[in-house]
Amino acid sequence: MAFPTKMLSVLRDPLGLEPLKLDGDHLVNKASQRRYPIVESIPVLLDPADLGPQNLKYRGMYDWMSYGYDLAQKVGDLFYWGSITRLRRQLASKLPLKPGDRFLYTSIETGVDLPYFAEQVSLELIELVGLDLSMGMLRRCQARIRPYPETSLLVQANAERLPLADQSFDVVLHMGGINFFDQPVVAVKEMLRVAKAGAFILIADETKDVVKNNYQRNPFTRSYYKDASTNFSPRDWVPPGVSDPTYEEVWNGKGYFLTFKAPVH
């Protein structure tokens, strides 16, 4: 896939939020001369030295999980009698996407949710920026965005330091992983920074019960989660001043949807 130059205007240097210019297979901050590589059409807008220990650990986990992630989702859906598919449709139905919107999806993983968003609005009618720490996940997501080369962009970046312009997105979604960020409060502030006034924001992840009863016991994941805190409270991550905050537990208490709107300035 070629780099979608139409989407360049939304990208920023993660260190100072200056605009970036395309220079061959790199993005360049002309003011500082910092250069960021584009790997297989995916800009790498992060510095590993800037990542905290939690983000580094889970980036490694998701890189190796990416090889079998889609298959595991299918097997899990069969095991739970299709309830994962129903949950994804429920999530997609909450997003007020409409033609012409610019949509940010952080922790996009392999893009397994994208077909359900397409049931709400045709993906060629929106601009999508998908962001993840894991290059393995992003590479597997490319197949799902390939039909939309001019209006879809994948970026490897840290959600706690979004390399994106202020007030750029009509809808923001974060799905999974935020429970174990080094700084989830900072990630939520970043979502608000890049959201337009009144933009809809949805954060979804598993509840602490899943962490304790599944991840900390599963032989494939327990080494990553054995010391993970289960003392998180997603509602506490949302700063005052947002509109219409809601918290809903879904999937028989295994997951949650946290929604709110960016302030209207």
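Note: the structure precedes this text.
Residues numbered from 1 in each chain as written. Predicted model: local features only at pLDDT ≥ 70, side-chain atom pairs only at ≥ 80, totals over all residues. Heavy atoms only, no water.

Visitor: Looking at this model, I keep getting lost on the pattern of salt bridges. Mind explaining?
Guide: A side chain of one charge can pair with a side chain of the opposite charge when the charged atoms of the two come close. Per the counting criterion, the structure on display carries 16 salt bridges. Note that Asp-13 and Arg-34 form a salt bridge whose closest N and O atoms lie 2.8 Å from each other. Here Arg-34 lies in the loop between strand 2 (26–28) and strand 3 (35–39) and Asp-13 lies in the segment before strand 1 (21–23), a separation of 21 residues in the sequence. What makes Asp-13 buried here is its relative accessible area of 0%. The partly exposed category is assigned to Arg-34, whose relative accessible area is 27%. Across the pair Asp-166 and Arg-193 runs a salt bridge, and its minimum N-O distance is 2.6 Å. (Salt bridge = Lys/Arg side-chain N within 4 Å of Asp/Glu carboxyl O. Helix = DSSP H or I, 4+ residues; strand = E, 2+ residues; numbered from the N terminus. Buried < 20%, exposed > 50% of the residue type's maximum accessible area, 1.4 Å probe, protein only.)

Visitor: Explanation requested: the pairing of strand 6 (residues 127–132) in the structure shown.
Guide: Put simply, side chains in a regular strand alternate between the two faces of the sheet. Burial runs high along strand 6: six of the six residues are buried. A two-sided burial pattern is seen for strand 6, the buried positions comprising Glu-127, Val-129 and Leu-131 on one face and Leu-128, Gly-130 and Asp-132 on the other. Bridge analysis of strand 5 (residues 102–106) against strand 6 gives five bridges, and the strand direction is parallel. Bridged to Phe-103 within strand 6 is Leu-128. With five bridges connecting them, strand 6 and strand 7 (residues 152–156) associate as parallel partners. By the bridge assignment for strand 7, Asp-132 is matched with Gln-156. With respect to chirality, the unit in which strand 6 leads through helix 5 (residues 135–145) into the neighbouring parallel strand 7 is right-handed. (Pairing = 2+ DSSP bridges. Right-handed = clockwise from strand over helix to strand, strands pointing away.)

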